[in-house]
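# Chains, contacts and geometry: an overview
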Amino acid sequence: MTKTQLETIDVLTLLPQRPPFVMIDRLIHFDEVVTTTQLEVRPDNLFMEADGLLNNCALVENIAQTCAARMGYINQYIYKERVRLGFIGSIKNLQVLRPAREGEVLTTSIEVVQEVLQLTLVNATVKVGDETIVTAEMKIALSDIEVKG
């Protein structure tokens, strides 16, 4: 799919999460190794703090949901199956260089380092423009539980 075609996909069809817990707006890149999503930090975000900063928990969830969007895309568009639930297995080397601010657009990329059975290890980067604000390693475990659409 082209970038324009990817951006027309309703991310809710790729994710097990439902509003108000959705932390990505659109899928903008997918290939075998790298998946990229975007999120506009809005004032009504569940994790928005009174000072206009996004709680760091939202940044971790944003990375996890980028992983979920990758697996949802694979299941739905490649394997023609239903989306399945995944779980964060571990987070290592999480560095929040600065919080995200209301009005910013986060571009989150995950790079698959290793996939073994139902486990995927990724390196993640969250950027605002060219500025990296978060890096982490995350391990995601995919379950056999299908999400009913």
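If you add up the space inside the largest pocket, you get close to 220 Å³. Lining the largest pocket are 14 residues; nearest its centre among them are Pro-20, Val-22, Asp-25, Arg-42 and Asn-45.

Residue Pro-20 follows Pro-19 across a cis peptide bond; omega there is 10 degrees. By the secondary structure assignment, Pro-20 is in the loop between helix H1 (3–7) and strand S1 (26–30). Notably, Lys-80 is not glycine yet its phi reads approximately 60 degrees, a positive angle. Mapped onto the secondary structure, Lys-80 falls in the loop between helix H2 (56–78) and strand S3 (84–96). On the accessibility criterion, Lys-80 (64% relative accessible area) is exposed.

Here the structure, examined in full by the defined rule, presents one cavity of 30 Å³ or more. Space inside the largest cavity adds up to approximately 30 Å³. At the level of elements, H2 and strand S5 (119–128) are the ones that each hand at least two residues to the lining of the largest cavity. The element best represented in the lining of the largest cavity is H2, accounting for three residues. For the lining of the largest cavity, a count of residues per class yields five nonpolar, one polar and one charged.

This part is about the packing of aromatic side chains. As enumerated under the stated definition, the model contains three aromatic pairs in all. Ring centres 5.0 Å apart and planes at 25 degrees place the aromatic pair Tyr-73 and Tyr-77 in the stacked group. Placement of both Tyr-73 and Tyr-77 in helix H2 is noted, with a separation of four residues, approximately one turn of the helix.

Leu-54, Ile-63, Ala-100, Leu-106, Ile-133 and Met-138 are the most contacted members of the largest nonpolar core, which has 25 residues in total. Every element with two or more residues in this core is listed here: H2, strand S4 (105–116), S5 and strand S6 (131–146). Residue contributions to this core peak at six residues, all from H2. If near-sequence neighbours (up to four positions away) are discounted, Leu-54 is found in contact with Val-41, Asn-45, Phe-47, Met-48, Leu-59, Pro-99, Ala-100 and Leu-106.

Moving on, we get to the sheet that holds S1. Strands sit in the order S1-S2-S4-S5-S6-S3 across an open sheet of six strands; the sheet is antiparallel. Unpaired on one side and paired on the other, S1 and S3 mark the two borders of the sheet. Along the sheet, successive strands turn relative to each other by an average axial angle of 25 degrees, direction set aside. Bridge count between S4 and S5: 10 bridges; the pairing is antiparallel. Residue Ile-110 lies in a different strand from S5, and its bridge partner there is Ala-124. The sheet contacts of H2 involve S1, strand S2 (34–40), S3, S4, S5 and S6, and relative to S4 the element is tilted by about 60 degrees.

Turning to the pattern of salt bridges, a few remarks are in order. All told, the structure shown has seven salt bridges when counted by the stated rule. Of the charged contacts in the structure, one is a salt bridge between Arg-42 and Glu-40, with a shortest N-O distance of 3.8 Å. The class for Arg-42 is partly exposed, based on a relative accessible area of 31%. Sharing partners across several salt bridges, the network here consists of Arg-98, Arg-101, Glu-104 and Glu-131.

About the criteria used
- Residues numbered from 1 in each chain as written.
- Predicted model: local features only at pLDDT ≥ 70, side-chain atom pairs only at ≥ 80, totals over all residues.
- Heavy atoms only, no water.
- 1 Å grid on protein atoms, 1.4 Å probe; cavity = no way out; pocket = protein on both sides within 12 Å on 5 of 7 lines; lining within 4 Å.
- Points joined across faces, edges and corners; volume = space filled by probe spheres on them.
- Helix = DSSP H or I, 4+ residues; strand = E, 2+ residues; numbered from the N terminus.
- Buried < 20%, exposed > 50% of the residue type's maximum accessible area, 1.4 Å probe, protein only.
- Nonpolar A, V, L, I, M, F, W, Y, C, P; charged D, E, K, R; others polar.
- Phe/Tyr/Trp six-rings, centres within 6.5 Å; stacked < 30°, edge-to-face > 60°.
- Core = buried A, V, L, I, M, F, W, Y, C linked by side-chain atoms within 4.5 Å.
- Contact = heavy atoms within 4.5 Å.
- Pairing = 2+ DSSP bridges.
- Axes fitted to C-alpha atoms, helices over the stretch in contact; angles between N-to-C directions.
- Salt bridge = Lys/Arg side-chain N within 4 Å of Asp/Glu carboxyl O.

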